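Okay, here's what each chain looks like letter by letter:
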Amino acid sequence: QVQLVESGGGSVQPGGSLRLSCVVSGTRISIYSMEWYRQAPGKEREWVARVVSGGYTNYASSVRGRFTISRENTKNTVYLQMNLLKPEDTAVYYCNAYSSTSRPLFDWGQGTQVTVSS
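Cut-offs applied
Residues numbered from 1 in each chain as written. Predicted model: local features only at pLDDT ≥ 70, side-chain atom pairs only at ≥ 80, totals over all residues. Heavy atoms only, no water. Helix = DSSP H or I, 4+ residues; strand = E, 2+ residues; numbered from the N terminus. Rg over C-alpha atoms; globule rule 2.2 N^0.38 Å. Buried < 20%, exposed > 50% of the residue type's maximum accessible area, 1.4 Å probe, protein only. Areas by Shrake-Rupley, 256 points an atom, 1.4 Å probe, with all protein chains shown as cover. Phe/Tyr/Trp six-rings, centres within 6.5 Å; stacked < 30°, edge-to-face > 60°.

Student: Sorry, what's going on with the overall build of the chain here?
Tutor: Tallying secondary structure elements over the chain gives 0 helices and 10 strands in all. From first element to last, N terminus to C terminus, the chain shows the α and β order β-β-β-β-β-β-β-β-β-β. Relative to the 2.2 N^0.38 estimate, which gives 13 Å for 118 residues, the radius of gyration of the chain is 13 Å and therefore close to what a compact globule would have. Based on the C-alpha atoms only, the size of the chain along its principal axes is roughly 40 × 25 × 25 Å. A total of 118 residues make up the chain; the buried ones form 43% of that total. For the chain, the accessible surface area stands at approximately 6300 Å², while carbon and sulfur atoms represent 47% of it.

Student: Could you clarify how one ought to interpret the packing of aromatic side chains in this entry?
Tutor: Any pair of aromatic rings gets described here by the distance separating the centres and the angle formed by the planes. Under the counting rule described, the total for this entry stands at 3 aromatic pairs. The interplanar angle of 85° and the centroid separation of 5.2 Å between the aromatic rings of Tyr-37 and Trp-108 together place this pair among those described as edge-to-face. Of this pair, Tyr-37 sits in strand β4 (residues 34–39) while Trp-108 sits in the loop between β9 (91–97) and β10 (112–116), placing them 71 residues apart in sequence. An angle of 70° between the planes, with centres 5.8 Å apart, marks the rings of Tyr-94 and Trp-108 as edge-to-face. Separated by 14 residues along the polypeptide, Tyr-94 in strand β9 and Trp-108 in the loop between β9 and β10 bring together distant segments of the chain. Given the relative accessible area of 30%, Trp-108 is considered partly exposed. A connected cluster of aromatic rings, assembled from ring pairs, spans Tyr-37, Tyr-94 and Trp-108.

Given below as structure tokens:
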């Protein structure tokens, strides 16, 4: 049973920073591309960033240049460094492995809340 546990969220002012972590158990993340998603109140869950097993990354246009995704395979952990946060970044953030279908590869974790407000 694969489990995803996200942490590191909180409340920050615009322009602030947070670092999210996603610890994965039940499988080795080294064989997967890993991703971060987010879901704002009243909106669909949206893709934020991906890091492939070789380290290549790509980002949604709304976060490119502000967010950095990384992975530490020895700790089975994926990170999301978020800088220059904006109120529109407010959402619950989730991680998962890349899936080639419309269905998530693993069951979603509980997510971690990020709130950006002055």
